[in-house]
Amino acid sequence: MEIDFLLIGQGLAGTALGYRLLESGKSIRIIDQPSGNQSSRVAAGLFNPVTGRKMVKTWNADYLFPELHSFYKRLEEITGQSFLEEQPIYRPFLSIEEQNEWMGHSADEGFQIYLKDIYTESQSDSLNDSFGGVLLKQSGWLKINVFLNAMQRYFAEKLQQEYFEENELRKEEGHWVYKGIKYKSIIFCNGLGAMKSSFFNYLPFAPVKGEILELKQAFCPDYIVNRGVFRVHLGNGIHRVGSTYTKHDLDQGPTDSAKAEILERLGALVKLPVEEIISHKTGIRPATKDRKPFLGKHPKEQSVYIFDGFGAKGVSLVPYFSKLMCDYLKGQSSLPNEVDIARYFNYI
């Protein structure tokens, strides 16, 4: 017996690509660490079509977001679970100038599909939004743990909960053998674990640490508030708030400095006191130097691939790029140059 693909990692990337390959008729097996994919499971799960300090459309938004919604909804139907929370995001204005700028954006056809409304006055006594704000649509958050657990059950016997040991991988007569099972191809989808692989340790990963709080606070709107920090209502007056971004102290757990930073920014956004801090979590995102994911084939090993490096925007990026990667693996298309790891072959 020979299986088409061995996928290393069942975080967002491995889950989405594994599903795509099964759907296309390929046989797969997935190996994931017993403790779960920490970077995916700790992530906030937000998806937002307009981001950054200058509030520009997310890279490739017009391709990413149609695929995002249809992909997760389809998997909700297949698994019988609910994990996609479609919610508008409210971003308060800081000045009249910013308010006027967004009035201009509202006439731009490229933005209109992502704008729900623009307000010129405060929407709540609980918010510091005296200049109003913009309400974005096609946004929300993914309940990542619910999603990954549901897909674990979907993969069933195709998923092995164990640590991948690369030194047990052998190439024999045109195929790979791992612990007695033959595979045609290997795909690394294991986040920062790929940095330690002898196949892909040359790629310029740029890990970023993020810290998130879950806390109790009054004011529970039916939208996500995002300015300086995001604030997502999880139910029962509990909110997820974050996140920090640092390239330092990657080996440390939760830090007091990050906690203080998040609370300070939250205080500038919401006027009400924090009643209780319930949890403080941290994760290391598998970001990349050029902020574009790593897709493609090893330059020398014809049957070794990578699908990785999605950073903080994995929820948005993975549905679309898993489709492109699946088509590429089936020989039906090439990969866009901006994500193909061939852009780094000169560094080997």
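Residues numbered from 1 in each chain as written. Predicted model: local features only at pLDDT ≥ 70, side-chain atom pairs only at ≥ 80, totals over all residues. Heavy atoms only, no water.

(A) View of the overall build of the protein. Secondary structure assignment for the protein yields eight helices and 21 strands. Taken against the 2.2 N^0.38 rule, which gives 20 Å for 348 residues, the C-alpha radius of gyration of the protein at 21 Å falls within 12% of a compact globule. The principal-axis extent of the C-alpha atoms belonging to the protein is close to 70 × 45 × 45 Å. Among the 348 residues that make up the protein, the fraction classed as buried is 53%. Summarising the internal contacts of the protein: among those between residues at least 6 apart in sequence, 71% fall at separations of at least 24. (Helix = DSSP H or I, 4+ residues; strand = E, 2+ residues; numbered from the N terminus. Rg over C-alpha atoms; globule rule 2.2 N^0.38 Å. Buried < 20%, exposed > 50% of the residue type's maximum accessible area, 1.4 Å probe, protein only. Contact = heavy atoms within 4.5 Å.)

(B) Region of the structure containing the packing of helix H3 (residues 61-79) against helix H6 (residues 144-155). At a minimum axis distance of 10 Å, the contact between H3 and H6 shows a crossing angle of 55°. Considering the angle they form, H3 stands oblique to H6. Handedness of the H3/H6 crossing: left-handed. Between H3, through Tyr72, Leu75, Ile78 and Thr79, and H6, the contact on the second element is made entirely by Phe147, Ala150, Met151 and Tyr154. Split by residue class, the contact of H3 with H6 holds seven nonpolar, one polar and no charged. (Axes fitted to C-alpha atoms, helices over the stretch in contact; angles between N-to-C directions. Parallel < 35°, antiparallel > 145°, perpendicular 65-115°, else oblique. Left-handed = near helix turned anticlockwise from the far one by under 90°. Nonpolar A, V, L, I, M, F, W, Y, C, P; charged D, E, K, R; others polar.)

(C) Quick look at the pattern of salt bridges. Within the structure shown, the criterion is met by 17 salt bridges. Among the salt bridges present, the one from Lys323 reaches Glu67, with a minimum N-O distance of 3.8 Å. Of this pair, Lys323 sits in helix H8 (residues 314-329) while Glu67 sits in helix H3; the two residues are 256 residues apart in sequence, bridging distant segments of the chain. Classification of Glu67 as buried rests on a relative accessible area of 12%. Lys179 is the partner of Glu162 in a salt bridge, and the nearest nitrogen-oxygen pair spans 3.4 Å. Here Glu162 is found in the loop between strand E11 (159-161) and strand E12 (169-172), whereas its partner Lys179 is found in the loop between strand E13 (175-178) and strand E14 (181-188), with 17 residues between them in sequence. Using a relative accessible area of 41% as the deciding quantity, one classes Lys179 as partly exposed. Each member of the salt-bridge network shares a partner with another, and the members are Arg20, Glu67 and Lys323. (Salt bridge = Lys/Arg side-chain N within 4 Å of Asp/Glu carboxyl O.)

(D) The sheet that holds strand E15 (residues 208-216), seen in detail. Taken in spatial order, the eight strands make up an open sheet running E8-E9-E7-E16-E17-E18-E15-E19, and their pairing is mixed. In this open sheet, the two edge strands, each paired with only one partner strand, are strand E8 (115-119) and strand E19 (276-285). Put simply, the sheet's adjacent strands are angled 20° from each other on average, direction ignored. The pairing of E15 with strand E18 (residues 238-242) spans five bridges and is classified as antiparallel. Bridge pairing in E18 links Ile212 to Gly242. (Pairing = 2+ DSSP bridges.)

(E) Molecular detail of the pairing of E12. With four bridges connecting them, E12 and E13 associate as antiparallel partners. For Lys171, the partnering residue across the bridge sits in E13 and is Trp176. Hairpin connection between E12 and E13: a loop of two residues separates the two successive antiparallel strands, and Glu173 in this loop has a positive phi of roughly 50°.

(F) Layout of the side chain of Ser126. Its location among the elements puts Ser126 in the loop between E8 and strand E9 (133-136). On the basis of relative accessibility, which here comes to 14%, the residue Ser126 falls in the buried class.

(G) Just unusual backbone geometry, in detail. Cis rather than trans, the peptide bond between Gly242 and Ser243 has omega equal to 0°. Examined against the element boundaries, Ser243 turns out to sit in the loop between E18 and helix H7 (256-269). Of note, Asn60 is a non-glycine position whose phi angle comes to about 65°, a positive value. By the element assignment, Asn60 lies in the loop between strand E5 (56-57) and H3. The backbone of Gln138 shows a phi angle near 60°, a positive value even though the residue is not glycine. Checked against the element boundaries, Gln138 lands in the loop between E9 and strand E10 (140-142). We classify Gln138 as partly exposed; its relative accessible area is 25%.

(H) Structural view of the nonpolar core. Core analysis: the largest hydrophobic core is formed by 65 residues, its most contacted members being Leu17, Tyr72, Ile187, Phe307 and Phe321. The biggest single contributor to this core is H8, with ten residues. With 22 residues, the next largest nonpolar core counts Leu6, Trp176, Ile186 and Phe188 among its residues. (Core = buried A, V, L, I, M, F, W, Y, C linked by side-chain atoms within 4.5 Å.)

(I) Quick peek at the side chain of Thr288. One can find Thr288 in the loop between E19 and strand E20 (294-297). By relative accessible area, which is 4% here, Thr288 ends up buried. At 2.7 Å, the side chain of Thr288 forms a polar contact with the backbone oxygen of Lys292. If we skip the residues at most four places from it in the chain, Thr288 touches Pro204, Phe205, Ala206, Phe294 and Gly309. (Polar contact = N/O pair within 3.5 Å; in protein donor to acceptor, adjacent residues only side chain to side chain.)

(J) Highlighting the state of the cysteines. Across all of its chains, the model carries zero disulfides by this definition. Between Cys189, a free cysteine, and Cys326, which holds the nearest cysteine sulfur, the sulfur-to-sulfur gap is 12 Å. Its relative accessible area of 3% is what places Cys189 among the buried residues. (Disulfide = S-S within 2.5 Å.)

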